Amino acid sequence: MPGETNEIAIDEFVAAREQFAKLVGELRSDAARSLEHEEAELLIAREGNELLRRLMQVYLDQRTTCYQ
């Protein structure tokens, strides 16, 4: 957004970055190594959808701020 610093914009994505780190951590875990292909896909779909939801929320929050 005009007038915003990159630092402020980055802070809005904290929840999304945390969700991404959680997903990567789960995929790197010992438990993930024994997952069947379908189970891994389900894990990625579930946690990936949560990541996308958090990104969408930041986008919507930014739009709301823009119109205030």
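Since we're looking at a predicted model, the values are computed, not measured. (Residues numbered from 1 in each chain as written. Predicted model: local features only at pLDDT ≥ 70, side-chain atom pairs only at ≥ 80, totals over all residues. Heavy atoms only, no water.)

S.K.: In this structure, what is going on with helix α4 (residues 37–66)? I would like to understand it.
M.R.: Owing to its 3.6 residues per turn, the α-helix aligns residues three or four sequence positions apart on the same side. Taking 1.5 Å as the rise per residue, α4 with 30 residues should run 44 Å; its terminal C-alpha atoms sit 43 Å apart, in good agreement. Lining the buried residues of α4 we find α2 (14–28). (Helix = DSSP H or I, 4+ residues; strand = E, 2+ residues; numbered from the N terminus. Expected span 1.5 Å × (residues − 1). Contact = heavy atoms within 4.5 Å.)

S.K.: What exactly am I supposed to notice about the side chain of Gln19 here?
M.R.: Looking at where Gln19 falls in the secondary structure, it is placed in helix α2. Residue Gln19 is classed as buried on the basis of its relative accessible area of 3%. Beyond its immediate sequence surroundings of up to four residues, Gln19 is in contact with Glu47, Glu50, Leu51 and Arg54. (Buried < 20%, exposed > 50% of the residue type's maximum accessible area, 1.4 Å probe, protein only.)

S.K.: Would you mind going over the environment of Met56 with me for this structure?
M.R.: With respect to the helices and strands, Met56 occurs in helix α4. For Met56, a relative accessible area of 43% translates into the label partly exposed. Between the alpha carbons of Met56 and Ala16 there is a distance of 9.4 Å; along the sequence they are 40 residues apart.

S.K.: What exactly am I supposed to notice about the pattern of salt bridges here?
M.R.: When charged atoms on two side chains of opposite charge get close, those side chains can pair. According to the stated counting rule, one finds six salt bridges in the structure shown. Between Lys22 and Glu47 there is a salt bridge, and its shortest N-O distance comes to 3.4 Å. A residue pair is termed long-range when its members are at least 10 positions apart, and Lys22 in helix α2 and Glu47 in helix α4 qualify at 25 residues. Residue class for Glu47 comes out buried when judged on its relative accessible area of 8%. Salt bridges sharing partners connect three or more residues here, namely Lys22, Glu26, Arg46 and Glu47. (Salt bridge = Lys/Arg side-chain N within 4 Å of Asp/Glu carboxyl O.)

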